[in-house]
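What follows is the residue order along each chain.
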Amino acid sequence: MARPMGLRRPSRRERPRDRREHDTQYERRQAPYTPGRRSRFALSVRSVAGQVFVLQVVVVVLLVLAAVVVLLLQARHDTTREARNRSVAVAETFAHAPGIQQALKLPNPTAVLQPTAEAARKSSGVDFIVVMNTDGIRYTHPKPDRIGKRFVGTIQPALAGQTITETVNGTIGRLVQAVVPVQDARGHVVGLVSAGITIKKISGVVDRQLPILLGAAAAALALATGGTALVTRRLRRQTHGLDPSEMTRMYEHHDAVLHSVREGVIIVGGDDRLLLANDEACRLLDLPADAEGRPVEELGLEPRAAELLTSRRVVTDEVLPAGERLLAVNNRPTDRDGGPPGSVATLRDSTELRALSGRAEGARRRLNLLYDASVDIGTTLDVTRTAEELAQVSVPRFADFVTVDLAEPVLRGDEPASADGAQMRRVAIRGIDAAHPFYPTGWLIDWRPSTPQAWGLSGNAVVEPHLEAAGGWRAQDPEWTAKILDSGVHSLIAAPLRARGVLLGVVNFWRSKKPDPFEEDDLSLAEELAARAAVCIDNARRYTREHTMAVTLQHSLLPRGFPEQDALDIAHRYLPAQAGVGGDWFDVIPLPGARVALVVGDVVGHGLHAAATMGRLRTAVHNFSALDLPPDELLGHLDELVTRIDQDEAAAGGDAAITGATCLYAIYDAVSGNCTLSRAGHLLPAVVRPDGTARFLEVPAGPPLGLGTLPFETMELSLPEGSQLVLYTDGLVEDRNRDIDAGLELLRGVLAHAGRAPEETCRAVFEVLLPAHPSDDIALLVARTRRLASDRVAEWEVPSVPEAVAGVRAAVTGRLEGWGLDDLAFSTELILSELITNAIRYTGGSIRVRLLCDRALICEVSDTSNTSPHLRYAATMDEGGRGLFLVAQFAERWGTRYTTTGKVIWAEQALPRR
């Protein structure tokens, strides 16, 4: 039996003759060190222990040096960072201190700022705090003789509103200084503040930590020296303390251990001859009795096994066949570390283990498939997409083709009326090949009672391992089933999609390329996949129902069409969000006097609550517009309404409070061309001039509705005829992949185009800015202005005397004849007579009469009084009180609107049909 190299059996002569001699030799080995004699435990550089000791010393020294270098670099970095942070903090605190902006506006800022700056410098510990103007001229400095001189440093970024820090070498040493801007309420830079501190003030970390580091290094060296000496002593004692008989016994046990282990061991020499094979190796490879010493090729092994044993390749757990066994082989060459040429291999019988691992691997694949299904199915709340995800996750890991059929009501979000109905709509197909022989998506299928699908709908999943022999399935559609069989499909599992007791559809798993048919064991996996997908499909179905209800409510609350008017050409777009309906709305409201109101609003949130809130606010805007209020007053009333709604909801303990709403309200006058706007937290509107220049109107910002903190302001401007006023909501310009500023700039660029109609403008804006998947509602309203022709407007100044009424009536009659409205002369004279007479009787000052011929004949009487007339019903014996009653009888509608100088009473009459 061969033994490991370097070890041999001691001869009888070398063995101790008796135990006494053995004890004497042991005591001699344990003799203490005597002077003049080299200690056998002394360290030598040539010894392994000495080399280990030297290596430990070198490692400790290198670690200490690296720690010192890192400490120095870290201290330097921390010192600079601390100086930068402190200078920035002091500068920003002083720049935002109360009174700094007012002091900068004084004729002599130094008198106020110098004492404050010095006090702040001393309390904060910095070296200087300098306040300067935007030209860099100092107002403060620790040294008064430097006040009034230019600041030394970089200030351009601070003038742009940024904070800048820099490290400079000043007269007081190396320092870090920061410059921050002082901004007014509008964001303009009105001054600069600089604070600086020398780096030497922030130091001392290295001085405190370096002694500790060096002490730790010395302790490490001492421990390394002592540990090495102790290990060396133990190694010598353990090596030379063994009894030769014990060593001999160890070698004698070698053969017994080698041949008793349950793992085969084979040693092959450099000449490809078998040097050693233990009993287990002989059993596994069925080796002959005289195998040792013979070439490996002559042992009758499998070709792969013989090639591996002589290849000198490094192999780990490679499986090789050996008769009916499967062996796991590990092979290593023996000459990698200077040993003899050859290789050693170990063999394990893994036949049963492979069978068990095969079943375990199958279970692991199924668990992985179920885990992936729980992650990949139901990523959206779309019924069709969820069915497609079920098919996608199952191919090709479980089936070669998957088809999903759902009941018709499920696609609409409704619950199927029949629990066992077999009429389904195909919604998803997935397979290993793009071409397939199955019914296409969208096909309506009525499964016959004899098919596995119909059986599955009434109970659990059904397996049909051999479709050729399934007569009930083939009877469904002989032509289609023949195509399916001809394509190679041979096995089927039909599993119902059932969730919360509701039957939603059926999923079909088909096999074609995989030769093994589906088995009963596959039913549990199919049912698990179907059950998980059914829950997701039912969630998507219920979401679809709620989404449909919300969309229906939202569409019912939005304007279905715009009223007829001649002041504006209108075009609009409205696109609800994909995730759910929101509260965006828009409207066009005609007002008396050839005026039109435009409104755009946005309620925060999505769902039914947002849509219902939008409807309430839109109705409120219509009601307030009927009062003909200015935009700022209308938004004020709307703000009070929202506040009252929130208070009522809070008192009732409800959760339907309006969490946020914005609105923009504009009134355009077609006679004067003036447009008055006011906004409550909404985005700025855009205006496009007839020459194509586009800009955003700086309408004063008001708080969102419901806050009630500040009053609303208005902006008035004159729009040339042909200008376009563009109102929109934030969903158009803001997206998760695009900042709102970039969206606004992109919108301005799209609008900058001359000669486009409003409809073309809407189309161009949506082509450029419409997100691929809108996460918020989008509302866009484009209005191109018109002007009422000057020959369709007539005005008169009326003296405040009764005799002037007759002259006005005559002038009005003449103008009506010019317009071809003779039929309205009598009623118009009567209306104007009553309105002018009331103005003369109850008001003082100037009176103006204006006649407008638009879609209706509009009569307006303006006076300087703020008292509002009201309709009265006179008694039989009363001499007055019938004037406004007559006006209401002859006019289609009439009313009052207030101006900054008084009020206007108006009445409209329908034009006669031509």
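The structure displayed is predicted, hence computed values, not measured ones. (Residues numbered from 1 in each chain as written. Predicted model: local features only at pLDDT ≥ 70, side-chain atom pairs only at ≥ 80, totals over all residues. Heavy atoms only, no water.)

Participant: I tried to follow empty space enclosed by the protein on my own but got confused; where do I start?
Facilitator: Any empty space left between atoms is shown by rolling a water-sized probe over those atoms. For the coordinates displayed, the defined rule picks out one cavity of 30 Å³ or more. For the largest cavity, the calculated volume is near 100 Å³. Broken down by element, the residue count for the lining of the largest cavity peaks at three residues, all from helix H15 (residues 478-486). Here the lining of the largest cavity is composed, by residue class, of seven nonpolar, two polar and two charged. (1 Å grid on protein atoms, 1.4 Å probe; cavity = no way out; pocket = protein on both sides within 12 Å on 5 of 7 lines; lining within 4 Å. Points joined across faces, edges and corners; volume = space filled by probe spheres on them. Helix = DSSP H or I, 4+ residues; strand = E, 2+ residues; numbered from the N terminus. Nonpolar A, V, L, I, M, F, W, Y, C, P; charged D, E, K, R; others polar.)

Participant: Would you explain helix H11 (residues 383-394) in this entry?
Facilitator: Quick reminder: α-helices carry 3.6 residues per turn. Residues three or four places apart thus point the same way. Over its 12 residues, H11 runs 17 Å from end to end, which matches the ideal 16 Å to within 8%, given 1.5 Å per residue. Listed in full, the buried residues belonging to H11 are Val 383, Thr 386, Ala 387, Glu 389, Leu 390, Ala 391, Val 393 and Ser 394. Of the residues that open H11, the one with a side-chain oxygen 3.3 Å from the backbone nitrogen of Thr 384 is Asp 382. (Expected span 1.5 Å × (residues − 1). Buried < 20%, exposed > 50% of the residue type's maximum accessible area, 1.4 Å probe, protein only. Polar contact = N/O pair within 3.5 Å; in protein donor to acceptor, adjacent residues only side chain to side chain.)

Participant: What am I meant to see in the pattern of salt bridges here?
Facilitator: Pairing is possible between side chains that carry opposite charge, provided their charged atoms lie close to one another. Overall, the coordinates contain 35 salt bridges when judged by the stated rule. Residue Arg 893 pairs with Glu 908 through a salt bridge whose shortest N-O separation is 3.1 Å. One end of the pair, Arg 893, is in strand E29 (residues 893-898); the other, Glu 908, is in strand E30 (residues 903-910), and 15 residues separate them in sequence. Each of the salt bridges in this network shares a partner with another, and the network as a whole consists of Arg 500, Asp 538, Arg 541 and Arg 542. (Salt bridge = Lys/Arg side-chain N within 4 Å of Asp/Glu carboxyl O.)

Participant: How should I be thinking about the side chain of Glu 389 in this particular structure?
Facilitator: Within the fold, Glu 389 resides in helix H11. For Glu 389, a relative accessible area of 4% puts it in the buried group. At 2.8 Å, the side chain of Glu 389 forms a polar contact with the backbone nitrogen of Gly 378. Setting aside its immediate chain neighbours within four residues, Glu 389 contacts Asp 376, Ile 377, Gly 378, Thr 379 and Thr 380. (Contact = heavy atoms within 4.5 Å.)

Participant: Just to check I follow, could you spell out the packing of aromatic side chains for this structure?
Facilitator: Geometry of an aromatic ring pair is reported as the spacing of the ring centres plus the angle between the planes. Applying the stated rule across the entire model yields nine aromatic pairs. Relative to Trp 443, the ring of Tyr 439 has its centre 5.3 Å away and its plane inclined at 10°; by these criteria the two rings are stacked. Overall, the relative accessible area of 10% leaves Tyr 439 in the buried class. Relative to Trp 510, the ring of Trp 473 has its centre 6.1 Å away and its plane inclined at 55°; by these criteria the two rings are tilted. Taken together, the residues span a long stretch of sequence, with Trp 473 in helix H14 (residues 471-474) and Trp 510 in strand E15 (residues 502-511) at a distance of 37 residues. Both residues of the pair, Trp 473 and Trp 510, count as buried. The structure contains a cluster of three or more aromatic residues connected by ring pairs, namely Phe 401, Phe 438, Trp 473 and Trp 510. When the ring centre of Trp 480 is taken as origin, the NZ or CZ atom of Lys 483, which lies over that ring, is 4.9 Å away. (Phe/Tyr/Trp six-rings, centres within 6.5 Å; stacked < 30°, edge-to-face > 60°. Lys NZ or Arg CZ within 6 Å of the ring centre and 35° of its normal.)

Participant: Looking at this structure, I do not really get unusual backbone geometry. What am I missing?
Facilitator: Peptide bonds are mostly trans, and most non-glycine residues show a negative phi. Following Val 395, the chain continues to Pro 396 via a peptide bond in cis, the omega torsion being 0°. As for its placement among the helices and strands, Pro 396 is situated in the loop between H11 and strand E10 (401-406). The phi dihedral of Asp 272 is positive, around 60°, even though this residue is not glycine.

Participant: How should the side chain of Arg 897 be read in this particular structure?
Facilitator: By the element assignment, Arg 897 lies in strand E29. Of the polar contacts made by the side chain of Arg 897, one reaches the side chain of Glu 860; its length is 3.2 Å.

Participant: Explain the sheet that holds strand E14 (residues 491-499) here, please?
Facilitator: Pairing between the strands of a sheet is mediated by backbone hydrogen bonds and can be parallel or antiparallel. The strand order across the open sheet built from six strands is E12-E11-E10-E15-E14-E13, with neighbouring strands paired in antiparallel fashion. Edge positions in the sheet fall to strand E12 (444-446) and strand E13 (462-464), since each has one partner strand and no second. Mean inter-strand twist for the sheet, computed between neighbouring axes without regard to direction, equals 30°. For strand E11 (residues 423-431) and E12, the ladder comprises three bridges, and the chain directions are antiparallel. Bridge pairing links Gln 423 to Asp 446 in E12. This element, H11, spans E10, E11, E14 and E15 of the sheet and lies at about 45° to E11. (Pairing = 2+ DSSP bridges. Axes fitted to C-alpha atoms, helices over the stretch in contact; angles between N-to-C directions.)

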